[in-house]
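Spelled out, the chains give:
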Amino acid sequence: MADIGDLSLWEVFIRTKGGLSHRHAGSVHAADKRMALEAARDTYTRRMEGVSIWVVPSSQVSASDPDEYDSFFEPAKDKIYRHPTFYPVPDEIKNM
Amino acid sequence: MYTTELKSGSDGGKKRSKVEIVEDPAKLAAFEARVAADEFIEAKDWMPEAYRKTLVRQISQHAHSEIVGMLPEGNWLRRAPSLKRKAILLAKIQDEAGHGLYLYSAAETLGTPRDEMIEALHSGKAKYSTIFNYPTLTWADIGAIGWLVDGAAIMNQVPLQRTSYGPYARAMVRVCKEESFHQRQGYEIMTVMANGTDAQKRMAQDALNRWWWPSLMMFGPPDDSSPNTERSMRWRIKRDTNDELRQLFVDVTVPQAEYLNLSIPDADLKFNKEKDGYDFGEIDWDEFYAVVRGEGPVAKERIKARTDAWEEGAWVREAAMVHAQKQSKKDAA
């Protein structure tokens, strides 16, 4: 008998309305992408919460490692000059 | 729907597991600091084993409660008094299924496969909210469930939107958005019946009589016999104690019953000016623990309905698998 473990896990991303990006909503179990899309629709958009859905096999997601947070994101940490507030604007300049 | 953390014994969960895992003190301290600062913990972050276990138990119990919670209401789907009521009830039951699925998916992020959770429910190893082991005898019960049971669920679930585990908190945000409809449709059913014929009024009162105390029990054992409360509060898994939430529920619900001209079945219920809230009678905790142990009036029926549905759906899952394999072969060719 097939158990639900055979129905693999898919991550669900939903665009709530035109102009916005797809955002992670949760996951569903499904045998294939069609079933995953329909399950995602029934689970996550019962009140018109979406105009578009992406489903991605969970096994295909690569994620950064939280234990490597410091070293992984370190390159951005000492570059405060990327922010406009790093630069003083003379008082005489009213608009910039 | 909702469940508080339940244990099967009548000891209120006082037996602790003998094996205590020794955690790395530095990691533990960093974790404690993060939750104390109201940071969210995410799936791949380090967490103490006890935190993971508590969450898996609580979230999966919560999911089971949503799923089993469909059954008492499903009992009235084909006997709903009008097409409108039937459509509303069907939509509510579908929401409960959805809530179960949000929660299973949140629990799975902690590394427990869905199968294992479902198996635990079917074998009786896992618990679900005691409230669903009471029968739904009349249509008024559907009103009382929405009003009281979903009302109690909302009290419990609103603070859980800020629970420390990110996937659980996000699932709760979704659940809470949908829960208010459940309560209002129930209260509307009660309003119609309480203003209806004498027979309808009697049914409404009878439903309130039977659901009131089980609803108060939904908040779980009193704080002084809820040994894990302190740790769960510290870890921000829980944000309020059982007794605090129970009091809040009573204070909000009594005026709603008064509006319906229905009486709460509690002779000791009395407004206490000093605490600006109601004093209420003693809850029958023996009944509560008996239901937790699986001695509720319809406990066996509930699990049988679940396992039947699971087994009868097996061919659908199999067919979906075979179809997927056939399609992928076609795509490859």
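Residues numbered from 1 in each chain as written. Chains lettered and ligands numbered in written order. Predicted model: local features only at pLDDT ≥ 70, side-chain atom pairs only at ≥ 80, totals over all residues. Heavy atoms only, no water.

1. Regarding the packing of helix α4 (residues 83-108) of chain B against helix α6 (residues 139-160) of chain B
Two numbers describe a pair of packed helices, the interaxial angle and the distance between the axes.
Residues and elements named next belong to chain B.
Right, so step 1: Where α4 meets α6, the closest approach of the two axes is 13 Å, and the angle between their N-to-C directions is 40 degrees. The orientation of α4 with respect to α6, classified from their angle, is oblique. By crossing handedness, the relation of α4 to α6 is classed as left-handed. For the pair α4 and α6, contact is made by Arg85, Leu89, Lys92 and Glu96 and by Trp139, Ile142, Gly146 and Asp150, respectively.
Right, so step 2: Each residue belonging to the contact of α4 with α6 can be placed in one class, and the counts come to three nonpolar, one polar and four charged. (Axes fitted to C-alpha atoms, helices over the stretch in contact; angles between N-to-C directions. Helix = DSSP H or I, 4+ residues; strand = E, 2+ residues; numbered from the N terminus. Parallel < 35°, antiparallel > 145°, perpendicular 65-115°, else oblique. Left-handed = near helix turned anticlockwise from the far one by under 90°. Contact = heavy atoms within 4.5 Å. Nonpolar A, V, L, I, M, F, W, Y, C, P; charged D, E, K, R; others polar.)

2. Some words on the sheet that holds strand β2 (residues 23-30) of chain A
Residue and element names in this part refer to chain A.
Right, so step 1: Read across the sheet, three strands follow the order β2-β1-β3 without closing on themselves; strand pairing throughout is antiparallel. At either margin of the open sheet sits one strand with a lone partner, and together these are β2 and β3 (52-57). Strand after strand, the sheet turns through a mean of 30 degrees between neighbouring axes, direction not considered.
Right, so step 2: Both strand β1 (residues 8-15) and β2 contribute to a ladder of seven bridges, which runs antiparallel. Within β2, the residue paired with Trp10 across the bridge is Val28. (Pairing = 2+ DSSP bridges.)

3. Quick notes on the side chain of Asp45(B)
Right, so step 1: Take Asp45(B): it is sitting in the loop between α1 (25-36) and α2 (49-68).
Right, so step 2: Using a relative accessible area of 12% as the deciding quantity, one classes Asp45(B) as buried.
Right, so step 3: In this structure the side chain of Asp45(B) is engaged in a polar contact, spanning 3.2 Å, whose partner is the side chain of Arg34(B).
Right, so step 4: Ignoring anything within four residues of it in the chain, the contact list for Asp45(B) reads Pro66(A), Arg34(B) and Phe40(B). (Buried < 20%, exposed > 50% of the residue type's maximum accessible area, 1.4 Å probe, protein only. Polar contact = N/O pair within 3.5 Å; in protein donor to acceptor, adjacent residues only side chain to side chain.)

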